[in-house]
Every structure is written in structure tokens, then in C-alpha cells.
Amino acid sequence: MDETLIQTINKLQDALAPLGSGSTSPVDLPQITVVGSQSSGKSSVLENIVGREFLPRGTGIVTRRPLILQLINRRNSSKSAASDLIDIQTTDAQGNKTENNAEEWGEFLHLPGKKFYNFDDIRDEIVRETEAKTGKNAGISSVPINLRIYSPHVLTLTLVDLPGLTKVPVGDQPKDIEKQIRDMIMKFISKPNAIILAVNAANQDLANSDGLKLAREVDPEGLRTIGVLTKVDLMDQGTDVIDILAGRVIPLRSGYVPVINRGQKDIESRKTIREALNDERRFFENHPSYSSKAHYCGTPYLAKKLNAILLNHIRTTLPEIKARIETALKKYQQELAALGPEMVESPSSIVLSVITDFCNDYTGILDGQTKDISSNELSGGARISFVFHEIFKNGVYALDPFDQIKDADIRTIMYNSSGSAPSLFVGTQAFEVLVKQQIHRFQDPSLRCITLVFDELVRILSQILAQPEYARYPGLKEQISQIFIQYLRESVLPTNTFVEDIIKAEQTYINTAHPDLLKGSQALAMVQEKLHPTPVQVDPKTGKPLPAPAHSASSINDEENKSSSFFGGFFSSKNKKRLAAMEAPPSVLKATGQMTDRETQETEVIKLLIHSYFNIVKRTVADIVPKAVMLKLIQQSKNDIQKVLLEKLYGNKDLDSLVKENEITVARRKECKKMVEVLKHASEIVSTV
Ligand code: GDP
Ligand code: MG
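Here's what I pulled together on the structure shown here.

Cut-offs applied
Residues numbered from 1 in each chain as written. Chains lettered and ligands numbered in written order. Predicted model: local features only at pLDDT ≥ 70, side-chain atom pairs only at ≥ 80, totals over all residues. Heavy atoms only, no water. Donors = N, O, S within 2.8 Å, 3.2 Å for Na, K, Ca; no water. Helix = DSSP H or I, 4+ residues; strand = E, 2+ residues; numbered from the N terminus. Buried < 20%, exposed > 50% of the residue type's maximum accessible area, 1.4 Å probe, protein only. Near = heavy atom within 4 Å. Polar contact = N/O pair within 3.5 Å; in protein donor to acceptor, adjacent residues only side chain to side chain. Areas by Shrake-Rupley, 256 points an atom, 1.4 Å probe, with all protein chains shown as cover. Nonpolar A, V, L, I, M, F, W, Y, C, P; charged D, E, K, R; others polar. Pairing = 2+ DSSP bridges. Axes fitted to C-alpha atoms, helices over the stretch in contact; angles between N-to-C directions. Contact = heavy atoms within 4.5 Å. Salt bridge = Lys/Arg side-chain N within 4 Å of Asp/Glu carboxyl O. Parallel < 35°, antiparallel > 145°, perpendicular 65-115°, else oblique. Left-handed = near helix turned anticlockwise from the far one by under 90°.

Time to look at the coordination of the magnesium ion (ligand 2). For the magnesium ion (ligand 2), the protein coordination sphere consists of Ser 43 (OG) and Thr 63 (OG1), at 2.2 Å. Of this pair, Ser 43 sits in helix α2 (residues 42-50) while Thr 63 sits in the loop between α2 and β2 (67-73), placing them 20 residues apart in sequence. For Ser 43, a relative accessible area of 8% corresponds to the buried category.

See below:
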């Protein structure tokens, strides 16, 4: 069962390898970190666990930069995948003999692509790279060196070698060297997935152990701390670590493991790890203090312990790993679905379906059925409604005929419009002439309304095409946009003509019988009331105001009868001599001079009528022009657009280039497909547990 768990994790790591290392991987395995005083044997312990010699070791401060060592299990066809930490040791003992092993190599992050098959070269590179950052003179740096070891004999796992704690600065070391190293160590061991190997030389007092002290700070309960006692071989004769192992000195939940690494002499004489392990075993088996518990001593037991912690970690994090894989899988599957399938359909059916989607979106937006109805912004049909009922209506209602018509003009036109034939009520004609001139003014706002709606339709178009689903075929999108805008431009022309005709119709026939038009008699009464207000008559009996007497139609006639013609007043002021000479009229003949009461009254009546009629036209235009735009532009485009797009696009001979996918889409789909595949595989692996 445990074996399969390790296998599973190895398989899982393999399966997830294409995702690259880093935070994206859902598998978060423990990092094994070493802490302890300088020269306590940290690097030696790590090296023994890995089973290969490649770390610089020795007296003085040797490890001066953190080394992040990623072991990557690289399955080899002949070997079983079930390599746990103990396996590593035995295989490696043999592996040592063949230093240049084609199936095992190291790679540094700072030397990408360079494979180190010789582990001595790896050590040299670590030394070189350490000195490159820190100088030769005992300086330190917290910038880690990243090394990956690919091998069929390791478990995919991260080990971290750290500088040891030092108290007194030497060489180039800064004054606060102790604090700097301490901070560096804390950064690594405070991670919850860090397994802490608190290394202490057996010939040093445990009570002064720096490693234990630091480990306690981040792991007070000792859940992820293992005590390692090195240099047991160097203890004074007659002393041993039995009290420590029994937990009588400083108890530790996971206990202590005594080990023996190679001493400086062994290193110089190139003692192999296998030999060292044998010597270690023999030492514990034959030592009077340890022989009874030799099982619980030495590097193999330490490896077993680490293995157990590792398994436990895997077991507890597996459900989370599972969940993370499933979440990631779902995310990529969704994205893949959104990107749409790779081109399996024929170009023409793609074009058809995109056009259909587009037309549905277009009509949907106009009808107010937008997919995401925005609450902070009007869109689509609502904006067009705003153009009609706010912008256009206000524009029309703001038109004031009297900012152009002056009283004098009315008078002139009054004379002119009577023509050569004296008219009984020339006012009617003057009124019509003036109203017609003014009605023309509705044309500009009406045409502007069409332009605004056109702009809104183009805006809707770009809104639709900005949706991600249209990004897939950039060529098709561009064509739809061009054809649609061209179509709208063409539709604007008949719409303009139609609206111009509506205004022209208004101009052509002035409906003086319009039920809402002020009656001439009413107008006259109002003017008379304004010019000569009748004092309010009070009923002598009740004291209430009496209604003003109605002006009958006959009273207008009476007025008219008093003067033979409007021209009477015009000529009356001229002197008799000139009249007699019958001079030709001046080249520019204007109605000038003081207006008679009668003229004033007539002018005012006409103005009232113009005002009244103009209001009727305002209402009509404000009502009918939007209807016309709706019919000729909006509704028409809704009806036509599918047909137009199909005709234009299907007629396109180069359908293939039209449905050529956006490169980003292609790349993203590939990426998503890969992720889905990888994660599916990972999910299968996890679910076998
Ligand atoms: P680090 O500074 O904690 O990484 O310690 P190293 O691993 O570099 O070891 C310091 C020195 O102690 C080296 O010369 C090692 O050979 C030596 N050493 C480490 N462990 C043992 C051990 O168990 N027995 C003996 N005799 N020497 C050891
Ligand atoms: Mg070291």
C-alpha cells in the first residue's frame, strides 16, 4: 500500500511534468531542509540520503548559499518505479562505481540545457557558482543555487542544503552574519511542508544545538522535526547518545537518529558511500551501547523515517491534490469548450453558423434581450430609444419659428401674398407661406436623427463582434463588420429620402382644417384681448367677475369693412405730389413705417396661428420620424442582414481564408488540450489510490 502511494506520487509527478515546475503543480511534496551549526555535518547527511557525492563538504563555512536540490525520478525501462529512499542507497552504492552514468545527470538553473553526468563536476560547479556570488573569502548569499538531479533511483523530492549557523564573522562576512544566516534558514524551514532535519554533532552539547533551537521556533510540537546526531564515531570513549535517544535530554516527538558520515580523512581517501554505509552499520552493530538497537541507528533508518513522514504527508494532502487536479481540469475543459472544437466543420457551415449567431445577437440586442443586461449603462435598443425620445424629440421641440420670423417680414409677406388680387383675408396666405418656410427646418434634426441611429447600430455591431466567441475567425469578423456597415450606409440613403419626403409632405399641404389648429376667431379674440384688455366686469349683484363677452365672427368682418384694403395704410402717408407723379416702385420694396392697429392685430393673429400650426407639426414630426427610421433602417436591417451577409459571404470564393482561425485561439486550444490531457491522466492516477 505504502509502496503504491510512493509510486502514485512518482507517476503523478511524471504525468504533471509537462506543466513545468513551480507553483502551478498541484502536488506539493515536502522539502527536506537541514539546520544546524557550521560543520555539524549537514551536507554530509543530505549527501548520504541522496546516495551520491556531489556536495562540497569540509571544515569551515563550506555551504555559503542555499542549495535547492530537486530530485526528479526519471523512470528507466528496466527499473521498477518503486524506488524509495532506501532503494536509493543500495543502488547508488553500486552507482558510485560508474560515475559517468547516462541515466543520471544534474542540471543547474543558471546553466540551462547543460547536463552534468559527472557528479564531481557538479560539486565543482557548486563551488564555482558559490564563489561567483559570494567571493572566495567566506562571504554568504541568500540567493539559492538550483540544482536538479534526474535519476531513476531517486524519489521526486526537494532537498535544501543551508549554510550552518555561525556566531563570529570571519573573512568577508558582514557583522550581522548570524542574523543573515538565521533569516535565510527561517525562510526555508517555516514553510509548513518543510521537514526539518535538526543536525547536531554528537560530540557537542545538545543543549547548545542551534538546529534544535531554530526548529523549535517554527515547529514547537516537533511534528516535522527529526533530530540527527552526526559524528557518533568521534565521541569520547565511554560516552554515547543513549540518553538523547531515550528522550531524556531534549525530547523530540519524532526522536533522534544517530548517524556516521564520512570524515574528512574518508573523503580524501575517496571512500565510497557503500563502504561508508557498511562501516556505519558495523559500527552500530558492534558498539556495546547501540548493538541492541542498531536497527534504529544509521542512515538507512533515517531514510526510513523520512519516508514515513513523506508517506504521511502524501496521504494527508492527497485529497487536496485530487481536488486541485479536478478544479484545474474543469477550468481547462470549460475554456476548451469555449474556444470551440478544432475545424471539423466545413468552412461554409462555420460561416453559416457565425452569421446565424451574429443575426440572433443583433436582433436580440435591438429587442432588448441582451445576454448580460448591464445595470449601469443603457445598451442597444434602449440607446436608440434614448435617441428618439430624448435627443430627437428635444431637438424638434427646441425649434422656434419666431427666431427667424420678424414682424416686419410678416407684414411684407402679407402684402406680397395677396398678390395682385386684393384678398378678403390675405392673412391665410401669409400664414401658409411662413409656415411652409418654417416646416423646412424640421429636415435637419430629422436627418441628424437618422445619423445618430446609424451610429448606434454600428456601435451595436462592434459590441457584438467584441464578444470573445467572434475572436476565433478574425477574417470572418472583419468581413461581417465591413459588409454590415456598408449595408447600413446604403440603407441610410432611402431612409433619408423617406424622411425628407415626410417633411416635404408637411410642407406641401398645410392643413388649415386640422382639428387642433387654433380657430381664426379664437386667435383674433386672443389678440384683441392682449392689445386692448377689457377691464374685468364685475357683477354688481354677486361681486364676481363676469365672463368677457365673446367676439363674434361678425366683429372681425366689421373691422375689415372699415378699410378698403391693407394697402390703404401703406400709401396713406405718401405726399400727394408723389402720388400724382406716379413714380415707379423702388427696387427694394418693403413694408415699412409704423404699423397700424389693424396691421399689428393681423400680424399677431398670424403669429398665433403659425405657433399653433407649428406645434402640430412638431408633434407629428417627433412622432412619425422615429417610426420612419424604425421601418426603413432598423426593421429593414433586422430583416435583411442575414440575407445580405449570406449573399456577400457565400459569394466569397476564398471561404477557407475567411474561417482561418486566430493564431491565439489555435495556440490556446493546443495549450488547453495539453492541460486537459495531462490533468485527466493525473486524475486517473490519483483515483487509483
Ligand atoms: P556542514 O557544514 O554542516 O555541511 O558539515 P559538512 O557535511 O561539510 O561536514 C563538516 C566536516 O565534518 C566534514 O569534514 C565531514 O567530513 C565531517 N563529518 C561530518 N559528519 C561526520 C561524521 O559523522 N563523522 C566524522 N568522522 N566526520 C564527519
Ligand atoms: Mg554544508
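We are not done yet, so read on.
The subject of this paragraph is the site of ligand 1. By nearness alone, 18 residues border ligand 1, and Lys 42, Ser 44, Asn 261, Arg 262 and Gln 264 come closest of all. One nitrogen or oxygen atom from the main chain of Ser 39 is found 2.9 Å from an oxygen atom belonging to ligand 1. Here ligand 1 loses 95% of its free accessible area of 580 Å² to cover by the protein chains. At the level of elements, α2 and α8 (264-268) are the ones that each hand at least two residues to the shell around ligand 1. The dominant element in the shell around ligand 1, judged by the number of residues it contributes, is α2, at three residues. Across the shell around ligand 1, the residue classes tally to three nonpolar, 10 polar and five charged.

Looking now at the sheet that holds strand β1 (residues 31-36). Paired through their backbone hydrogen bonds, the strands of a sheet run either parallel or antiparallel. An order of β3-β4-β2-β5-β1-β6-β7-β8 is seen for the eight strands of this open sheet, with the pairing classed as mixed. A single partner strand is all that each edge strand has here, and the edge strands are β3 (105-108) and β8 (256-258). Here the average twist between neighbouring strands, direction ignored, is 25°. By the bridge criterion, four bridges tie β3 to strand β4 (residues 145-151) in an arrangement that is antiparallel. Within β4, the residue paired with Trp 105 across the bridge is Tyr 150. Where α2 meets the sheet, it contacts β1, β2, β5 (157-161), β6 (194-201) and β7 (225-230), and its direction lies at approximately 160° from that of β5. Lying over the sheet, helix α10 (residues 299-339) contacts β1, β5, β6, β7 and β8, oriented at roughly 170° with respect to β7.

This brings us to the environment of Leu 46. Here Leu 46 is to be found in helix α2. Sequence spacing of Leu 46 and Ile 32 is 14 residues, and the spatial spacing of their C-alpha atoms is 8.9 Å. With near-sequence residues (within four places) excluded, Leu 46 lies in contact with Val 34, Leu 55, Leu 159, Val 160 and Asp 161.

On to the pattern of salt bridges, then. On inspection of all chains with the given rule, the structure shows 31 salt bridges. Where Glu 47 meets Arg 262, a salt bridge forms, and the shortest distance between an N and an O atom there is 3.2 Å. With Glu 47 in helix α2 and Arg 262 in the loop between β8 and α8, the pair connects residues that are 215 residues apart, well separated along the chain. Of the residues examined, Glu 47 reaches a relative accessible area of 0% and is grouped as buried.

Attention now goes to the pairing of β1. A large share of β1 lies buried, amounting to six of its six residues. Taking every second residue as pointing to the same face, both faces of β1 are buried, with Gln 31, Thr 33 and Val 35 on one and Ile 32, Val 34 and Gly 36 on the other. Bridging between β1 and β6 involves six bridges; their strand directions are parallel. Its bridge partner being in β6, Val 35 is matched across the sheet by Ala 198.

On to the packing of helix α16 (residues 474-508) against helix α21 (residues 597-650), then. Contact pair α16 / α21: the axes reach a minimum separation of 8 Å and the direction vectors enclose 150°. In terms of orientation, α16 lies roughly antiparallel with respect to α21. As for the relative orientation of α16 and α21, their crossing is right-handed in sense. Within the contact of α16 with α21, the residues separate by chemical class into 25 nonpolar, six polar and four charged.

Relative to the elements of secondary structure, Glu 500 occurs in helix α16. Along the backbone, Glu 500 and Leu 447 are 53 residues apart, and their C-alpha atoms lie at a distance of 7.9 Å. Once residues within four sequence positions are removed from consideration, Glu 500 is found in contact with Gln 443 and Leu 447.

Running from amino to carboxyl end, helix α11 (residues 347-366) crosses α16 at an angle of 50°, the nearest separation of the two axes being 11 Å. With respect to each other, α11 and α16 are oriented oblique. Crossing of α11 over α16 shows right-handed handedness. Between α11 and α16, the contacting residues are Val 351, Val 354, Phe 358 and Tyr 362 on the first element and Leu 476, Ile 480 and Phe 484 on the second. Each residue belonging to the contact of α11 with α16 can be placed in one class, and the counts come to seven nonpolar, no polar and no charged.

This next bit is on the side chain of Ser 43. Here the side chain of Ser 43 touches Thr 63 through a polar contact of 3.0 Å, side chain to side chain. Those residues in contact with Ser 43, other than ones at most four positions away along the chain, are Leu 55, Pro 56, Arg 57, Thr 63 and Asp 161.

Once that is clear, we can look at unusual backbone geometry. Residues other than glycine seldom take positive phi values, yet Lys 231 does so here, at roughly 55°. In this structure Lys 231 comes out as partly exposed when scored by relative accessible area, which is 26%. Although it is not a glycine, Arg 270 sits at a positive phi angle of roughly 55°. In this structure, Arg 270 sits in the loop between α8 and α9 (273-286).

Keep in mind these numbers describe shape, not what the thing actually does.
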